[in-house]
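# Analysis of the macromolecular model
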Amino acid sequence: MEIEEIYKELKKVKEPISGEDIVSLGIVSMIMEEDNKVVIFLGLARRTPRSPFEMAVNWAVHARIVKDIVKVLEGKVNFEIIDDMTFQRYYPLEEV
């Protein structure tokens, strides 16, 4: 799957509060191919407010976005989802 096709697929993922797609909102900051997989960088940490209540609300929004990306891409391409600021891996989750 080409990177442009991945962007098209990701436009199907909506930000739960606004209903706009995550590509148009700039949440998808970069997609690159690396070692037989695609790495999708999301700007989620930089969009997280500082207050504990707002952080708690945003956590659910972020989790929903990641779940929806997995639904759209799973089985079509080998991929990884990483935050572009903290480099936290959102998917696949590593078992500890």
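Since we're looking at a predicted model, the values are computed, not measured. Counting of residues starts from 1 at the beginning of each chain's written sequence and follows it residue by residue. Under the rules for a predicted model, residues below a pLDDT of 70 receive no local features and side-chain atom pairs below 80 are neither given nor counted, while totals for whole chains, interfaces and linings still include all residues. Neither water nor hydrogens contribute to the side-chain values; these are computed over all heavy atoms in the structure.

## Things to note about the pattern of salt bridges
- Any Lys or Arg side-chain nitrogen located within 4 Å of an Asp or Glu carboxyl oxygen qualifies as a salt bridge. If you walk through the whole model with that rule in mind, you get six salt bridges.
- In this structure, the salt-bridge partner of Arg64 is Asp68, at a minimum N-O distance of 3.0 Å. With Arg64 and Asp68 both in helix α2 (residues 52-73) and four residues apart, this pair spans about one turn of that helix.
- Classification of Asp68 as buried rests on a relative accessible area of 14%. Only DSSP runs of H or I with at least four residues qualify as helices, and only runs of E with at least two residues qualify as strands; both kinds are numbered from the N terminus onward. Accessible area is worked out with a 1.4 Å probe on protein chains only. A residue is then buried under 20% of its type maximum, exposed over 50%, and partly exposed in between.

## Quick notes on a negative patch on the surface
- Residues qualify for a patch when their relative accessible area is over 30% and they have no salt bridge, like charges being joined within 9 Å and the nonpolar side chains of Val, Leu, Ile, Met, Phe, Trp and Tyr within 5 Å. All accessibility values rest on the Shrake-Rupley procedure with a 1.4 Å probe; residue burial counts only the protein chains present in the view. Charged residues are defined here as Lys and Arg on the positive side and Asp and Glu on the negative side; His and the ends of the chain fall outside this count. The atoms used to mark charge sites are NZ of Lys, CZ of Arg, CG of Asp and CD of Glu. Taken together, Glu2, Glu4, Glu5 and Glu33 make up a surface patch of like negative charges.
- Here Glu2 lies in the segment before α1 (3-10).
- A residue is classified by how much of its surface remains accessible, and Glu2, at 54% relative accessible area, is exposed.

## Quick word on α1
- For α1, the set of buried residues is Ile6, Glu9 and Leu10. Relative to the axis of α1, the buried residues are bounded by an arc of 95° and lie together on one face. Opposite the packed face of α1, turned more than 90 degrees from it, sit the exposed residues Glu4 and Lys8.
- Any two residues whose heavy atoms approach within 4.5 Å are treated as being in contact. On the buried face of α1, the contacting elements are β1 (28-34), β2 (37-42) and α2. Throughout, the arc means that of the directions going from the helix axis to the C-beta atoms.

## Focus: the environment of Ser18
- Along the chain, Ser18 falls in the loop between α1 and β1.
- Considered as a pair, Ser18 and Ser51 are 33 residues apart in the sequence and their alpha carbons are 20 Å apart.
- Polar contact criterion, stated in full: a pair of N or O atoms within 3.5 Å, where within protein one must be able to donate a hydrogen and the other to accept it, and residues adjacent in sequence count only if both atoms are side-chain atoms. Here the side chain of Ser18 touches Glu20 through a polar contact of 3.1 Å, landing on its backbone nitrogen.

## Some points on the sheet that holds β1
- A pair of strands is considered paired only if DSSP assigns at least 2 bridges between the two. One open sheet accounts for four strands, arranged β1-β2-β3-β4; its pairing is mixed. In this open sheet, the two strands that pair with only one neighbour each are β1 and β4 (89-91). Within this sheet the neighbouring strands show an average axis-to-axis angle of 25°, counted without direction.
- Where strand β3 (residues 79-83) lies against β4, two bridges are found, and the strand directions are antiparallel. Opposite Ile82, over in β4, you have Arg89 as the bridge partner.
- Helix axes use the C-alpha atoms of the stretch in contact, all axes being lines fitted to C-alpha atoms, and the angles between their N-to-C directions lie in the range 0 to 180 degrees. Sitting on the sheet, α1 is in contact with β1 and β2, with an inclination near 140° to β1.

## A few points about unusual backbone geometry
- Residue Pro92 is reached from Tyr91 by a cis peptide bond, and omega for that bond is -10°.
- Mapping Pro92 onto the fold places it in the segment after β4.
- A positive phi angle, near 60°, is found at Asn36, a position not held by glycine.
- Position of Asn36 among the secondary structure elements: in the loop between β1 and β2.
- Residue classification places Asn36 among the exposed positions, given a relative accessible area of 77%.
- The phi angle at Phe87 is positive, at roughly 60°, despite the residue not being glycine.
- Topologically, Phe87 is positioned in the loop between β3 and β4.

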